[in-house]
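Below, each chain spelled out in residue letters.
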Amino acid sequence: ALCKVSLAQVSDIDKAVAAAKEAFENGEWGKMNPRDRGRLLYRLADLMEEHQEELATIESLDSGAVYTLALKTHVGMSIQTFRYFAGWCDKIQGCTIPINQARPNRNLTFTKREPIGVCGIVIPWNYPLMMLSWKAAACLAAGNTVVLKPAQVTPLTALKFAELSVKAGIPKGVINILPGAGSLIGQRLSDHPDVRKIGFTGSTPIGKQIMKSCAVSNVKKVSLELGGKSPLIIFNDCDLDKAVRMGMSAVFFNKGENCIAAGRLFLEESLHDTFVQRVVEEVKKMKIGDPLDRSTDHGPQNHKAHLDKLIEYCLTGVREGAKLVCGGHQVQRPGFFFEPTIFTEVTDEMFIAKEESFGPVMIISKFKDGDIDGVLKQANDTEFGLASGVFTKDINKALYVSEKLQAGTVFVNTYNKTDVAAPFGGFKQSGFGKDLGEEALNEYLKTKAVTIEY
């Protein structure tokens with residue numbers, strides 16, 4: 001145990017929503033010039049940078065992320081995200097539209113992009129500060145106020161963030177953090193009549209529940225980033241060294257607790273054995289241990305329930321007849337450490353071929369040489385569509401495959417390369433709406449059309 005954290009109750013949720021509504025409708029924030037709003041968000045990003053080592057240490061202790069990754073990605077990308085959206089504050093523009101009604105009179109029609117109001121944000125435990133930033137930065141840049149629920153098992157960087165937001169001069173009521181249970185807080189925010197938008201990252205079943213509640217309560221706007229089972233197709237004409245290196249990163253990055261992790265690798269038959277041999281050699285070199293030790297490659301899983309789920313997931317794979325090449329067990333030492341794991345001979349009907357592990361488990365299937373359409377059919381035969389990848393030196397093949405893959409992101413000859421300027425979000429049951437990039441602002445704005453006759 002690291003510390004004790006308040007557990008929000010219904011009265012706290014209602015108080016937070018009331019504070020956010022007051023700040024939006026009557027407070028300084030709602031009246032603020034967009035450029036001044038941007039200045040405050042830049043100041044917040046600067047403060048996050050000044051405290052980046054402290055934030056990375058808290059994140060590492062709280063989530064199990066290796067410190068070097070926490071500093072570069074968890075915290076580093078959070079800072080970049082706030083800087084990026086701070087720059088958008090005074091560039092949110094409407095347009096003028098020629099209309100043909102009511103001649104001979106003249107008309108001017110223009111649109112305004114306006115904030116929605118109070119937004120509820122519910123984030124997962126795998127990238128606690130980064131998921132907060134991906135959603136809250138766009139939300140605040142658009143001029144909204146926020147009630148945010150961090151994951152119950154990783155609330156600490158959100159609380160530190162709240163402290164820094166006060167130091168940055170963000171007015172009271174604009175940012176509200178509610179640590180506690182999703183079943184209570186997430187549900188109450190979805191049901192609350194004064195919340196006008198929910199942004200959620202998490203599992204597909206919970207996303208469906210939130211969407212239903214948003215519809216029934218007050219038809220509030222919703223954006224969902226849900227489960228994934230991202231296919232990674234590796235052809236025999238790839239750069240093998242790079243494919244091995246990036247293939248491992250695609251699975252084991254952040255100990256597999258990564259929504260866009262490559263959930264299933266498809267290897268061309270003639271490449272299969274060499275690739276597997278190379279990956280097994282590399283996995284054996286990985287150092288598992290204390291995430292605060294700079295030489296550690298692989299920290300503990302986030303919490304005990306998740307570790308138990310991974311153990312059961314691997315037992316299921318073995319029961320179904322997949323070949324466990326390495327790993328598959330808890331590491332015999334104190335803490336929630338799980339071995340990096342590789343399964344081969346995985347066929348389409350197996351549970352592990354269809355369901356996300358959300359852990360360091362590489363699932364490998366092979367396909368016949370040259371059967372591009374066949375492997376595409378396998379890769380797309382899933383209800384998820386978050387991310388995907390392809391490795392090949394053939395530009396025609398790369399473009400054809402990236403066009404046919406049914407996923408919101410396609411990586412070609414790379415993986416995990418997200419950027420604050422590139423929109424991120426899924427297709428199918430991986431959800432809808434975008435985080436990051438200009439498109440993310442659309443999730444937190446409404447468009448008003450104004451027509452004047454003169």
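- Labelled according to an unreviewed UniProt entry, the protein appears under the name Aldehyde dehydrogenase domain-containing protein, originating from Hymenochirus boettgeri.
- The UniProt entry for the protein carries the following comment under Sequence similarities (unreviewed entry): "Belongs to the aldehyde dehydrogenase family."

### Overview of the pattern of salt bridges
Inference 1: Counted according to the given criterion, the structure contains 22 salt bridges.
Inference 2: When the shortest N-O distance is used, the salt bridge between K255 and E257 registers 2.6 Å. Both residues of the pair, K255 and E257, count as buried.
Inference 3: The salt bridge involving E312 is made with R319; its shortest N-O contact spans 3.0 Å.
Inference 4: Looking at E312, the relative accessible area reads 39%, which means it is partly exposed.
Inference 5: Among the ionic contacts, a cluster of salt bridges with common partners joins E54, K160, E163 and K167.

### A word on the sheet that holds strand β15 (residues 409–412)
Inference 1: Strands sit in the order β10-β11-β12-β9-β8-β14-β15 across an open sheet of seven strands; the sheet is mixed. A single partner strand is all that each edge strand has here, and the edge strands are β10 (323–326) and β15. Sheet twist, expressed as the average angle between the axes of neighbouring strands with direction ignored, equals 25 degrees.
Inference 2: The sheet contact formed by strand β8 (residues 230–234) and strand β9 (residues 262–268) spans five bridges and is parallel. Bridge pairing in β9 links P231 to R264.

### Things to note about the environment of G370
Inference 1: Position of G370 relative to the elements: it lies in the loop between β12 (361–367) and α14 (372–380).
Inference 2: Each C-alpha atom of the pair G370 and F235 lies 8.5 Å from the other, and the pair is 135 residues apart in sequence.

### Digging into the UniProt feature "active site" (unreviewed entry) in the protein
Inference 1: UniProt marks E225 with the feature "active site" (unreviewed entry), using the numbering shown here.
Inference 2: Residues within four places of E225 in sequence aside, it is in contact with M131, F200, T201, G202, C259, L386, F424, S430 and D435.

### Digging into a nonpolar patch on the surface
Inference 1: Nonpolar side chains collect at one region of the surface, where L108, I452 and Y454 lie side by side and expose about 300 Å² of accessible area between them.
Inference 2: Turning to its location among the elements, L108 is positioned in strand β2 (residues 107–115).

### Things to note about the sheet that holds strand β18 (residues 445–453)
Across a sheet, strands are paired by hydrogen bonds formed along the backbone, either parallel or antiparallel in direction.
Inference 1: Here we have three strands laid out as an open sheet, ordered β1-β2-β18, and antiparallel in their pairing. In this open sheet, the two strands that pair with only one neighbour each are β1 (96–97) and β18.
Inference 2: Note: β1 against β2, two bridges, orientation antiparallel. When the sheet's bridge partners are listed, T96 is paired in β2 with F110.

### Notes on unusual backbone geometry
Inference 1: Here K255, not a glycine, exhibits a phi torsion of approximately 50 degrees, which is positive.
Inference 2: With respect to the helices and strands, the residue K255 is situated in the loop between α10 (240–252) and β9.
Inference 3: Residue class for K255 comes out buried when judged on its relative accessible area of 4%.
Inference 4: Located in the positive-phi region is K428, a residue other than glycine, with phi close to 55 degrees.
Inference 5: Positionally, K428 belongs in strand β16 (residues 427–428).

Reading the values: the criteria
- Residues numbered from 1 in each chain as written.
- Predicted model: local features only at pLDDT ≥ 70, side-chain atom pairs only at ≥ 80, totals over all residues.
- Heavy atoms only, no water.
- UniProt positions renumbered as here; feature names shortened; annotations may be inferred.
- Salt bridge = Lys/Arg side-chain N within 4 Å of Asp/Glu carboxyl O.
- Buried < 20%, exposed > 50% of the residue type's maximum accessible area, 1.4 Å probe, protein only.
- Pairing = 2+ DSSP bridges.
- Helix = DSSP H or I, 4+ residues; strand = E, 2+ residues; numbered from the N terminus.
- Axes fitted to C-alpha atoms, helices over the stretch in contact; angles between N-to-C directions.
- Contact = heavy atoms within 4.5 Å.
- Patch = residues over 30% accessible without salt bridge, like charges linked within 9 Å, V, L, I, M, F, W, Y side chains within 5 Å.
- Areas by Shrake-Rupley, 256 points an atom, 1.4 Å probe, with all protein chains shown as cover.

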